[in-house]
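Okay, here's what each chain looks like letter by letter:
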Amino acid sequence: MQRIISLLFLLFFNTMLCASITLDGVLDEPEWADAQSFTELLLVDPYVLSEPEFTTEILVLSNQNGIYFGIKNNQPQSTRNNDITARDRFISSDQNNIIIDFDNNSIAAYAFQVGSGGSIRDGIWSNENQFSAEWDGNWQAKTSSSDSSWITEIHIPWDVVSMKKSLADQRTVRWYFSRNVALRDQTYALFPADTNRQRFLSEFEPLTIADFSSSSLQVFGYATARNDFIDDDLSSDIGMDVFWKSGQGKQLSLTVNPDFGQIESDNLVVNFEPTEVFFNERRPFFTENQSLFDVRGAQSLRVLNTRRIGARPDAGNALASDIDAAIKYSDKRNNVSYGLFAANESSGDGFTGRDFYAGRFIHRTEHQSLGFLGTYTDRPDINRTAAVYSFDHEYLWNDTLRFNNQLVLTDINQDGQNSDDWGGRIRVNHQINANSNQQIELSHYGRDFEIFDFGFLRRNNLNTLSYSNSFRFNDFAEQSNNQRHEIRINADFKRNDDGKNLGAYFRFLDIWSFKDSSFLNWYIEYLSSGKNDLFSRGNGLLNTEPGYTASFTYHGKNSGKFRYHGFLDYTDTFLGGQGIATHIHPSYYFSDNYFITWEFNYTDTKNWLNWQNDDLIGAYERKFFDTILDFNANISQRQELRLRFQWLAIDATADQQFRLNGIGDLDPTEQPLNDFSISNTALQIRYRYELSPLSNIYIAYSRGGGFFREEKTSIGDLFSPGFDEVNSDNFLIKVRYKFY
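Residues numbered from 1 in each chain as written. Predicted model: local features only at pLDDT ≥ 70, side-chain atom pairs only at ≥ 80, totals over all residues. Heavy atoms only, no water.

Some points on the overall build of the protein
Here is step 1 of the chain: Per the secondary structure count, the protein includes three helices and 40 strands.
Here is step 2 of the chain: Compactness check: the protein gives a C-alpha radius of gyration of 27 Å against a globular reference of 27 Å for 740 residues, within 12% of the reference.
Here is step 3 of the chain: Taken along its principal axes, the extent of the C-alpha atoms in the protein is 95 × 65 × 55 Å.
Here is step 4 of the chain: In the protein, buried positions account for 53% of the 740 residues.
Here is step 5 of the chain: Put simply, of all contacts in the protein between residues at least 6 apart along the chain, 61% involve residues at least 24 apart.
Here is step 6 of the chain: Surface accessibility of the protein: about 32,500 Å² in total, with carbon and sulfur atoms responsible for 54%.
Here is step 7 of the chain: Seen as two clouds, the 67 positive and the 98 negative side-chain charges of the protein have centres 3 Å apart. (Helix = DSSP H or I, 4+ residues; strand = E, 2+ residues; numbered from the N terminus. Rg over C-alpha atoms; globule rule 2.2 N^0.38 Å. Buried < 20%, exposed > 50% of the residue type's maximum accessible area, 1.4 Å probe, protein only. Contact = heavy atoms within 4.5 Å. Areas by Shrake-Rupley, 256 points an atom, 1.4 Å probe, with all protein chains shown as cover. Lys, Arg positive; Asp, Glu negative; His and termini not counted. Charge placed at Lys NZ, Arg CZ, Asp CG, Glu CD.)

A short note on the pairing of strand β20 (residues 368–379)
Here is step 1 of the chain: Looking at chain direction, strand β19 (residues 355–364) and β20 are connected through 10 bridges and run antiparallel. Paired with Y357 across the two strands is Y376, which belongs to β20.
Here is step 2 of the chain: The antiparallel hairpin formed by β19 and β20 contains three residues in its connecting segment.
Here is step 3 of the chain: Bridge analysis of β20 against strand β21 (residues 384–396) gives 12 bridges, and the strand direction is antiparallel. Looking across to β21, one finds that T377 is bridged to A386. (Pairing = 2+ DSSP bridges.)

So, the sheet that holds strand β10 (residues 149–156)
Here is step 1 of the chain: The sheet built from five strands is open, its strands ordered β1-β3-β4-β10-β9 with antiparallel pairing. Because the sheet does not close on itself, it has two edges, and the strands there are β1 (36–38) and β9 (140–145). Strand after strand, the sheet turns through a mean of 15 degrees between neighbouring axes, direction not considered.
Here is step 2 of the chain: Taken together, the eight bridges between strand β3 (residues 56–63) and strand β4 (residues 66–74) define a ladder with antiparallel strand orientation. Directly across from E57, in β4, lies its bridge partner K72. (Axes fitted to C-alpha atoms, helices over the stretch in contact; angles between N-to-C directions.)

Observations regarding the pairing of strand β40 (residues 726–738)
Here is step 1 of the chain: Sheet analysis places strand β14 (residues 216–228) next to β40, joined by nine bridges and oriented antiparallel. What sits directly across from R226, in β40, is L732.
Here is step 2 of the chain: By the bridge criterion, 10 bridges tie strand β39 (residues 695–709) to β40 in an arrangement that is antiparallel. The residue of β40 that forms the bridge with N696 is R736.

Description of the pattern of salt bridges
Opposite charge on two side chains makes pairing possible when the charged atoms of those side chains draw close.
Here is step 1 of the chain: What the rule picks out here adds up to 40 salt bridges.
Here is step 2 of the chain: Here R425 makes a salt bridge to E441, at a shortest N to O gap of 3.5 Å. In this pair, R425 sits in strand β23 (residues 417–433) while E441 sits in strand β24 (residues 436–445), placing the two residues 16 residues apart along the sequence.
Here is step 3 of the chain: Here R425 falls in the buried class, since its relative accessible area comes to 9%.
Here is step 4 of the chain: In this structure, a network of salt bridges that share partners links the residues D314, E345, R354, R379, R384, E450 and D453. (Salt bridge = Lys/Arg side-chain N within 4 Å of Asp/Glu carboxyl O.)

Points about the environment of D615
Here is step 1 of the chain: With respect to the element layout, D615 can be found in the loop between β34 (594–613) and β35 (616–636).
Here is step 2 of the chain: When the C-alpha positions of D615 and N661 are compared, they lie 8.0 Å apart, and in sequence the two are 46 residues distant.
Here is step 3 of the chain: Each residue touching D615, except ones within four places of it in the same chain, is listed here: N539, F658, R659 and L660.

Brief notes about the environment of R89
Here is step 1 of the chain: By the secondary structure assignment, R89 is in the loop between β4 and β5 (95–101).
Here is step 2 of the chain: For the pair formed by R89 and N461, sequence separation is 372 residues and the distance between their alpha carbons is 37 Å.

A word on the confidence of the model for the protein
Here is step 1 of the chain: Model confidence for the protein is summarised by a mean pLDDT of 91, while 96% of its residues fall at 70 or above.
Here is step 2 of the chain: Element-level pLDDT for the protein is lowest in helix α1 (residues 2–20), with a mean of 42, against a maximum mean of 98 in strand β31 (residues 547–555).
Here is step 3 of the chain: Low pLDDT, under 50, characterises residues 1–19; the predicted model gives this stretch 15 contacts beyond four residues in sequence or across chains. (pLDDT = per-residue confidence, 0-100.)

Quick word on the nonpolar core
A general trend in soluble globular proteins is that nonpolar side chains are found buried together.
Here is step 1 of the chain: Ranked by internal contacts, the top residues of the largest apolar core, which has 78 residues, are F69 and F102.
Here is step 2 of the chain: At six residues, strand β6 (residues 108–115) tops the list of elements feeding residues into this core.
Here is step 3 of the chain: For F102, the contacting residues outside a window of four places in its chain are I67, Y110, F112, I156, V160, V161, M163, R171, T172 and V173. (Core = buried A, V, L, I, M, F, W, Y, C linked by side-chain atoms within 4.5 Å.)

In C-alpha cells, the structure reads:
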C-alpha cells in the first residue's frame, strides 16, 4: 500500500511538473532546483583531461512528457561563435552534445546536438565510434544568451526512440555529455571518453532517471503537388508514415507511397570509374530506427543499402521506381535486439516492381556482441533472386584491444543458374596509450561475391591487408600557439583472387591545430606499381606504374564575417596523370543566421587515362571545374530559405589513343581520338517552414541542365550550353504533417 501511495504521489507531482516546464531556453522553473546536477567536466580534445577554461552546469530531470536537460555554459559573449544553421546541417558554432544509450547495452546511442544559436542536429552512434546522421528524432531545444553565458534547454519525449521495458519506476541509461568551444577548437566532456578513441560507447556512464515510458502512435501524412515545365505535366500524390512504439522495446513502422518529392538533392557527379558512387539515404521512413540494420564492413561494404529501394528499375525507361509500401518491426529485450524489414515496389510501364526483405538479430554482453543480418531480393524482370547472410562479432578484450570479425555469404540465382561466394574481415584495434592507437585489418571478397542487389560494395574479387596508426601530441607550452599535433600513417596492400598484385598504397599525414581554431595539414601518398583488373571493364589486366600525390591544406579560424579554407595538390599517377588540383572555399557571414559560401574546385592534368570501349584507352589533357554556390537564410528556428547552384564542367583534349595488349601494356594506335566536353548545372531554391517538430512545408524550384559533346570547348564557353540545354525543370510543394 505504501508503494502505491508513493507512486500516486509521484504521478501527481510529475503531472504538475509537466504543466509547469516551458521550453524557452530559460531555466527559471522551480523544478530545475531539484534536478540532478553535474559540473565536473574535463578537456578531452585535446585529450589532456585538465580543467576546462569555462565552467558548465548540466541539469537533468524527467517527467511524463520526457527527459529534460538544462545546460548553463559560462563563457563571455566575445569568445562565442553563434552561427545558425538549418536542422541537421553540420553545426560549426559553440554546441552542446548529449548522447544517450537508452537500452544500456552499448549497441546504439542517439545524439542530440544543439548550437548556441539554436541549431539542432541528431544522429546515431554504433559499433563503438561509428556515427551516422541518417536519423531524425522528434525532440526540441531552445537556447538563450547573455553577456556571460548561454543556456540550452532540451526536451526529449519518451517516444523519441523505441526502448526496452524497464522493470522499475526508474530507468538507468548510459550517457555522454560534451561541449564544444568553437573559437578554441576544444571539447569538454563529463567523462574521460572521446570519439577519436577506439572505445567510445562502452565508456559511457550510467544515469538513473524516473521512468514514464509508454506506448505511442505517430501518424505522418504526405501531400505533394509538382509541375514539370518540360513535359507540361501537373501531378500530385499522397502518402503516409505510421510509427507505433509499445513503450516496452517494440516498434512497428509502416509507409505507404513514401517520398514522392525529393527535397534534398544529391550533388552532381560525373563518374569515369568502373565502380559506382555511394549516396546517403534521405527519406524519413528509411532513416527512422534504421541503426539496427546498419551493418558495415571493410572497403565501404554496406550489407543493406536502402537507396536500392525505389531506384531505376531493371527494365523499361523509367528513372526511378515507385514504392507501394514498406514495413519495419523491431524489438529490444535486455541485451537482445531483433528486427524485420520488407519493401515492395510498384510495377510500371515496361517493368515489374522488386521485393526487398531483411532480418536482423544482435546479442550484446559487457565485452562482446554477436549479430546476424539476412537479406533477400527478388528482381523478376531479370529473373534473379539474391540472398545474403552476414554474421558479425565484436570482442572487447580489455580497455585497449578490440576485435571485429565479419563473415558474409551470398547466394545468387539468375535464369536458373546458382552462384555463391563469401567475404569478410578480421580487424584489431589497439589503443596504445591515451593519444595513440593503431588498427590492422585483413579482408576478403570473392570473385562471385555479389551484394549489389540490396547492399553496396565498391568491388569484389579483392584481398586487402590494411594498417593505420595515429599519434597525437598535446603537450605544448601555455604561450605556444599550437594546440595539438597529429600524425597518421596508412598502408594498404591489395591482391585479387588470382594472386595478381593490385598495388600498394602508403600515406603520411601531418596535422597542426592552433589555439585560434585554425589548422593546417600536409600529406604525401605513394602508389606502387601493380595490376589494374577493373579499368578495362573486363578486357584484360593493365600494368600500372608507381605514382604519388603531395597535398597542402589550410583552414582559417572559425570566427569573423569572412572565413575560408582550401588545398593545393600535385599529382603524378599512372591513371590520373600529372598536374595540379585546387580547392578554395570562402564563406561570408552577414550575421549569425545569414551567410553565403562558394566552393571552387579545379583540376588541370595531362596524360589522364580514360577507358573508351573494349581494349581501347585514351590519354587526355583534362581540365575539370566544379563550383557550388550556397546562400542560407535561417530566418528563424522555424523558417529556412536556401539557394544552391552547382556547375560542373570538363574540357578534355585528346592526346593519344592506346590499345591494351596481351601482357598489360599500352600500345599506341593510329586511330583518331576525339576531344570531349561535359557541362552539367543544377539550381535549387527551397523554402522550409516548420509547423511542428518533423512536420514541415517545403516549397522548392529545381532546374537542371547538361550536355556531352565530342568536341573541344574551353571551360569558359561551357556554362551557357550546360545551363541552356535543360533536362529537368520542376516546381514542387510538399507537406509532411504529423496528424497524431
